[in-house]
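Report on the structure
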Amino acid sequence: MKPLIGVSPALEMDNKSYYVTKNNLLAIEKAGGIPVVLPYLSDSKTIAEVVEKIDGLYLTGGDDIDPIYFNEEPHPKLGTFQPERDAFEIEIIQKMLEKDKPILGVCKGARMLNLATGGDMYQDIHSQIEGELVQHSQKAANYVPVHDVELTEGSLIHRLAGRKVIRVNSFHHQANRKPGKDLIISGLAKDGVVEVVESEVHQFALGLQWHPEHMSARSDDEVSNKIYSGFVAAYRSDHS
(Lines give C-alpha, C1' and ligand atoms only; values in the text may rest on other atoms or scores of the structure.)
Protein backbone atom coordinates (compact mmCIF):
# COMPACT_ATOMS: atom_id res chain seq x y z
CA MET A 1 0.00 0.00 0.00
CA LYS A 2 1.14 3.52 -0.73
CA PRO A 3 1.85 5.61 2.38
CA LEU A 4 -0.67 8.26 3.35
CA ILE A 5 1.03 11.64 3.69
CA GLY A 6 -0.74 14.32 5.71
CA VAL A 7 -0.20 17.76 4.18
CA SER A 8 -0.53 20.89 6.30
CA PRO A 9 -1.96 23.63 4.07
CA ALA A 10 -1.91 27.40 4.13
CA LEU A 11 -5.01 29.46 4.94
CA GLU A 12 -6.34 32.56 3.22
CA MET A 13 -6.28 35.61 5.48
CA ASP A 14 -10.08 35.80 5.38
CA ASN A 15 -10.08 32.34 7.06
CA LYS A 16 -12.41 30.99 4.38
CA SER A 17 -10.15 28.77 2.28
CA TYR A 18 -7.32 26.33 2.83
CA TYR A 19 -4.91 26.06 -0.09
CA VAL A 20 -1.92 24.01 -1.19
CA THR A 21 0.08 24.69 -4.32
CA LYS A 22 -0.33 21.88 -6.81
CA ASN A 23 3.41 21.21 -7.01
CA ASN A 24 3.50 20.09 -3.36
CA LEU A 25 0.95 17.38 -4.05
CA LEU A 26 2.54 16.39 -7.36
CA ALA A 27 5.95 15.93 -5.74
CA ILE A 28 4.54 13.57 -3.10
CA GLU A 29 2.48 11.65 -5.63
CA LYS A 30 5.46 11.27 -7.97
CA ALA A 31 7.49 9.85 -5.07
CA GLY A 32 4.86 7.17 -4.43
CA GLY A 33 2.84 8.71 -1.62
CA ILE A 34 -0.83 9.64 -1.36
CA PRO A 35 -1.14 13.29 -0.25
CA VAL A 36 -4.11 14.16 1.99
CA VAL A 37 -4.69 17.79 3.00
CA LEU A 38 -5.27 18.22 6.74
CA PRO A 39 -7.47 20.89 8.36
CA TYR A 40 -6.18 22.86 11.32
CA LEU A 41 -7.34 20.90 14.34
CA SER A 42 -7.31 22.13 17.93
CA ASP A 43 -8.44 19.09 19.89
CA SER A 44 -5.43 17.09 21.09
CA LYS A 45 -7.23 13.75 20.96
CA THR A 46 -8.30 14.35 17.37
CA ILE A 47 -4.76 15.33 16.39
CA ALA A 48 -3.50 12.14 18.02
CA GLU A 49 -6.01 10.12 15.96
CA VAL A 50 -4.77 11.78 12.77
CA VAL A 51 -1.17 10.94 13.71
CA GLU A 52 -2.16 7.29 14.08
CA LYS A 53 -3.75 7.24 10.62
CA ILE A 54 -1.12 9.06 8.52
CA ASP A 55 2.25 7.57 7.58
CA GLY A 56 4.13 10.84 7.15
CA LEU A 57 3.71 14.59 7.68
CA TYR A 58 4.50 17.19 5.03
CA LEU A 59 4.70 20.82 6.15
CA THR A 60 4.30 23.35 3.36
CA GLY A 61 5.47 26.95 3.07
CA GLY A 62 3.35 29.97 3.91
CA ASP A 63 3.17 33.08 6.05
CA ASP A 64 5.41 34.10 8.94
CA ILE A 65 5.34 32.52 12.40
CA ASP A 66 4.08 33.87 15.71
CA PRO A 67 7.21 34.80 17.71
CA ILE A 68 5.49 33.72 20.92
CA TYR A 69 6.90 30.24 20.21
CA PHE A 70 10.46 31.45 20.76
CA ASN A 71 9.70 34.07 23.42
CA GLU A 72 10.20 37.20 21.33
CA GLU A 73 8.14 40.30 20.69
CA PRO A 74 7.09 40.96 17.07
CA HIS A 75 9.89 42.43 14.98
CA PRO A 76 8.99 45.48 12.82
CA LYS A 77 9.58 43.35 9.71
CA LEU A 78 7.36 40.49 10.88
CA GLY A 79 4.65 39.72 8.32
CA THR A 80 1.24 38.13 8.69
CA PHE A 81 0.85 34.83 10.53
CA GLN A 82 -1.96 32.39 11.30
CA PRO A 83 -2.21 31.48 15.01
CA GLU A 84 -4.45 28.46 14.28
CA ARG A 85 -1.95 27.04 11.82
CA ASP A 86 1.06 27.57 14.05
CA ALA A 87 -0.62 25.95 17.06
CA PHE A 88 -1.81 22.95 15.02
CA GLU A 89 1.55 22.37 13.36
CA ILE A 90 3.51 22.60 16.61
CA GLU A 91 1.31 19.96 18.22
CA ILE A 92 1.14 17.55 15.30
CA ILE A 93 4.92 17.77 14.76
CA GLN A 94 5.54 16.90 18.39
CA LYS A 95 3.15 13.96 18.23
CA MET A 96 4.69 12.69 14.97
CA LEU A 97 8.15 12.86 16.53
CA GLU A 98 6.93 10.89 19.55
CA LYS A 99 5.80 8.15 17.13
CA ASP A 100 8.99 8.51 15.05
CA LYS A 101 6.97 8.95 11.88
CA PRO A 102 8.60 10.74 8.90
CA ILE A 103 8.39 14.53 8.67
CA LEU A 104 9.44 16.76 5.77
CA GLY A 105 9.09 20.52 6.11
CA VAL A 106 9.77 23.08 3.38
CA CYS A 107 10.35 26.81 3.90
CA LYS A 108 7.97 27.71 6.77
CA GLY A 109 7.73 23.98 7.47
CA ALA A 110 11.46 23.85 8.21
CA ARG A 111 11.08 26.57 10.80
CA MET A 112 8.03 24.94 12.36
CA LEU A 113 9.97 21.70 12.81
CA ASN A 114 12.71 23.62 14.55
CA LEU A 115 10.37 25.61 16.82
CA ALA A 116 8.40 22.50 17.78
CA THR A 117 11.60 21.04 19.22
CA GLY A 118 12.57 24.18 21.13
CA GLY A 119 14.74 25.97 18.59
CA ASP A 120 14.50 29.61 17.57
CA MET A 121 14.67 31.70 14.41
CA TYR A 122 15.28 35.07 12.83
CA GLN A 123 12.10 37.04 12.27
CA ASP A 124 13.80 38.91 9.42
CA ILE A 125 17.23 37.85 8.17
CA HIS A 126 17.86 41.08 6.27
CA SER A 127 17.72 43.25 9.40
CA GLN A 128 18.92 40.72 11.99
CA ILE A 129 21.97 39.23 10.26
CA GLU A 130 25.01 41.41 9.67
CA GLY A 131 26.77 41.45 6.33
CA GLU A 132 25.65 41.06 2.75
CA LEU A 133 23.28 38.17 2.06
CA VAL A 134 22.67 36.21 -1.09
CA GLN A 135 19.26 36.59 -2.75
CA HIS A 136 16.83 34.72 -0.52
CA SER A 137 13.72 36.18 -2.20
CA GLN A 138 14.54 35.41 -5.78
CA LYS A 139 13.33 37.24 -8.85
CA ALA A 140 13.69 34.22 -11.14
CA ALA A 141 10.88 31.72 -11.80
CA ASN A 142 10.01 29.58 -8.77
CA TYR A 143 11.63 26.40 -10.12
CA VAL A 144 14.99 28.02 -10.97
CA PRO A 145 17.84 27.36 -8.46
CA VAL A 146 19.63 30.59 -7.55
CA HIS A 147 22.15 29.89 -4.77
CA ASP A 148 24.32 27.11 -3.35
CA VAL A 149 23.83 25.20 -0.11
CA GLU A 150 26.77 23.41 1.49
CA LEU A 151 25.73 20.15 3.17
CA THR A 152 27.27 18.44 6.20
CA GLU A 153 28.99 15.25 5.15
CA GLY A 154 27.23 12.12 6.39
CA SER A 155 23.99 13.93 7.23
CA LEU A 156 20.58 12.76 6.03
CA ILE A 157 20.34 15.52 3.44
CA HIS A 158 23.87 14.73 2.21
CA ARG A 159 22.98 11.05 1.83
CA LEU A 160 19.78 11.91 -0.03
CA ALA A 161 21.42 14.43 -2.35
CA GLY A 162 24.54 12.37 -2.98
CA ARG A 163 26.69 15.48 -3.17
CA LYS A 164 28.31 18.06 -0.87
CA VAL A 165 26.95 21.20 -2.56
CA ILE A 166 23.51 21.62 -4.08
CA ARG A 167 21.79 24.57 -5.72
CA VAL A 168 18.34 25.65 -4.56
CA ASN A 169 15.55 28.14 -5.14
CA SER A 170 14.70 30.66 -2.42
CA PHE A 171 11.61 32.56 -1.21
CA HIS A 172 11.93 33.61 2.43
CA HIS A 173 12.88 36.43 4.79
CA GLN A 174 12.87 34.31 7.96
CA ALA A 175 15.28 31.49 8.84
CA ASN A 176 16.20 29.12 11.63
CA ARG A 177 18.85 30.23 14.10
CA LYS A 178 19.46 27.87 17.05
CA PRO A 179 18.48 24.25 16.36
CA GLY A 180 15.95 22.55 18.62
CA LYS A 181 16.43 19.47 20.80
CA ASP A 182 17.90 16.55 18.85
CA LEU A 183 18.18 18.68 15.70
CA ILE A 184 21.37 19.70 13.91
CA ILE A 185 22.09 22.26 11.23
CA SER A 186 23.17 20.26 8.19
CA GLY A 187 23.07 22.81 5.39
CA LEU A 188 24.16 26.44 5.08
CA ALA A 189 24.01 29.06 2.35
CA LYS A 190 27.31 30.76 1.52
CA ASP A 191 26.24 33.74 3.68
CA GLY A 192 25.72 31.50 6.72
CA VAL A 193 21.92 31.42 6.62
CA VAL A 194 20.60 28.06 7.86
CA GLU A 195 19.10 26.09 4.99
CA VAL A 196 18.69 22.59 6.51
CA VAL A 197 17.84 21.22 9.94
CA GLU A 198 17.41 17.52 10.65
CA SER A 199 17.00 15.16 13.57
CA GLU A 200 19.88 13.11 14.90
CA VAL A 201 17.59 10.60 16.64
CA HIS A 202 14.51 10.16 14.41
CA GLN A 203 14.38 8.07 11.27
CA PHE A 204 13.38 11.02 9.06
CA ALA A 205 12.74 14.55 10.33
CA LEU A 206 14.05 17.05 7.80
CA GLY A 207 13.48 20.77 7.30
CA LEU A 208 14.52 22.53 4.10
CA GLN A 209 14.46 26.32 3.81
CA TRP A 210 13.83 26.22 0.05
CA HIS A 211 10.98 24.90 -2.14
CA PRO A 212 11.98 21.55 -3.69
CA GLU A 213 8.39 20.94 -4.77
CA HIS A 214 8.69 23.51 -7.58
CA MET A 215 12.05 22.15 -8.71
CA SER A 216 10.71 18.59 -8.70
CA ALA A 217 7.46 19.31 -10.51
CA ARG A 218 8.64 21.96 -12.96
CA SER A 219 12.18 20.92 -13.87
CA ASP A 220 12.35 17.29 -12.66
CA ASP A 221 15.35 18.24 -10.50
CA GLU A 222 17.29 15.12 -9.48
CA VAL A 223 18.10 16.15 -5.91
CA SER A 224 14.53 17.31 -5.24
CA ASN A 225 13.16 14.00 -6.51
CA LYS A 226 15.59 12.11 -4.26
CA ILE A 227 14.41 14.09 -1.24
CA TYR A 228 10.74 13.26 -1.81
CA SER A 229 11.53 9.63 -2.64
CA GLY A 230 13.57 9.34 0.57
CA PHE A 231 10.73 10.87 2.57
CA VAL A 232 8.19 8.37 1.25
CA ALA A 233 10.66 5.49 1.50
CA ALA A 234 11.26 6.27 5.19
CA TYR A 235 7.79 4.95 5.92
CA ARG A 236 8.19 2.00 3.60
CA SER A 237 11.49 0.91 5.17
CA ASP A 238 9.86 0.86 8.58
CA HIS A 239 6.97 -1.26 7.31
CA SER A 240 8.67 -3.59 4.84
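Please refer to the structure higher up on the page.
Described in the following lines is the structure provided in the data block. This structure is a prediction, so every number in the text was calculated from the model and none was measured.

Here the focus is the pattern of salt bridges. Applying the stated criterion across every chain, the model contains 12 salt bridges. Lysine 108 is the salt-bridge partner of aspartate 86, the closest N and O atoms lying 2.8 Å from each other. Placement of aspartate 86 in helix α3 (residues 83-99) and of lysine 108 in helix α4 (residues 108-116) is noted, with a sequence separation of 22 residues between them. Each of the two residues, aspartate 86 as well as lysine 108, counts as buried. As a salt-bridge pair, glutamate 222 and lysine 226 come within 3.3 Å of each other at their nearest N and O atoms. Of this pair, glutamate 222 and lysine 226 are both found in helix α8 (residues 222-238), 4 residues apart, which corresponds to roughly one turn of the helix.

The next subject is the environment of glycine 207. Position of glycine 207 among the secondary structure elements: in strand β13 (residues 205-208). A residue is classified by how much of its surface remains accessible, and glycine 207, at 1% relative accessible area, is buried. Along the primary structure glycine 207 and alanine 110 are separated by 97 residues, whereas in three dimensions their C-alpha atoms are 3.8 Å apart. Once you skip the residues sitting within four places of it in the chain, glycine 207 turns out to touch Gly105, Ala110, Leu113, Glu195, Val196 and Val197.

What follows is about the packing of helix α2 (residues 44-53) against α3. For the pair α2 and α3, the least separation of the axes is 10 Å and the interaxial angle reads 50 degrees. Here α3 runs oblique to α2, going by the angle between their axes. In this structure, α2 meets α3 at a crossing whose hand is right-handed. Residue-level inspection shows Ser44, Ile47, Ala48, Val50, Val51 and Glu52 of α2 in contact with α3, the latter providing Phe88, Glu91, Ile92, Lys95, Met96 and Lys99. Residue classes in the contact of α2 with α3 are distributed as 7 nonpolar, 1 polar and 4 charged.

We now examine α2. Considered for burial, the residues of α2 that qualify are Ile47, Val50 and Val51. Taken down its axis, α2 places every buried residue within 100 degrees of arc, on the same side. Every exposed residue of α2 that faces more than 90 degrees away from the buried side is listed here: Lys45 and Lys53.

Following both chains from N to C, one finds helix α1 (residues 22-30) and helix α7 (residues 212-219) inclined at 70 degrees, their axes separated by 8 Å at the closest point. The pairing of α1 with α7 is recorded here as roughly perpendicular in orientation. Of the residues in α7, those touching α1 at Asn23, Asn24, Leu26, Ala27 and Lys30 are Glu213, His214, Ser216, Ala217 and Arg218. Here the residues of the contact of α1 with α7 sort into 3 nonpolar, 4 polar and 3 charged.

In space, the 9 strands of this open sheet follow the order β4-β1-β5-β6-β13-β12-β11-β8-β9, with mixed pairing throughout. Of all strands in the sheet, those with a lone pairing partner are β4 (34-37) and β9 (165-168), marking the two edges. The average angle at which neighbouring strand axes cross in this sheet is 25 degrees, direction not considered. Pairing of strand β11 (residues 183-189) with strand β12 (residues 194-199), which is carried by 5 bridges, proceeds in the antiparallel orientation. By the bridge assignment, glycine 187 is partnered in β12 with valine 196. Against the sheet, α4 contacts β5 (56-59), β6 (103-106), β11, β12 and β13, and its axis sits at roughly 125 degrees relative to β6.

Below, the discussion takes up the nonpolar core. Counting 28 residues, the largest nonpolar core has Tyr58, Leu104, Leu206 and Trp210 as its most contacted members. Per-element tally for this core: the top contributor is α8, with 6 residues. Apart from the residues lying within four places of it in its own chain, the contact partners of tyrosine 58 are Ile5, Gly6, Val7, Ser8, Asn24, Ile28, Leu104, Val106, Glu213, Tyr228 and Phe231. Within the second largest apolar cluster, 27 residues are counted, among which are Val51, Ile93, Leu115 and Met121.

Cut-offs used in this document
- Residues numbered from 1 in each chain as written.
- Predicted model: local features only at pLDDT ≥ 70, side-chain atom pairs only at ≥ 80, totals over all residues.
- Heavy atoms only, no water.
- Salt bridge = Lys/Arg side-chain N within 4 Å of Asp/Glu carboxyl O.
- Helix = DSSP H or I, 4+ residues; strand = E, 2+ residues; numbered from the N terminus.
- Buried < 20%, exposed > 50% of the residue type's maximum accessible area, 1.4 Å probe, protein only.
- Contact = heavy atoms within 4.5 Å.
- Axes fitted to C-alpha atoms, helices over the stretch in contact; angles between N-to-C directions.
- Parallel < 35°, antiparallel > 145°, perpendicular 65-115°, else oblique.
- Left-handed = near helix turned anticlockwise from the far one by under 90°.
- Nonpolar A, V, L, I, M, F, W, Y, C, P; charged D, E, K, R; others polar.
- Arc of directions from axis to C-beta.
- Pairing = 2+ DSSP bridges.
- Core = buried A, V, L, I, M, F, W, Y, C linked by side-chain atoms within 4.5 Å.

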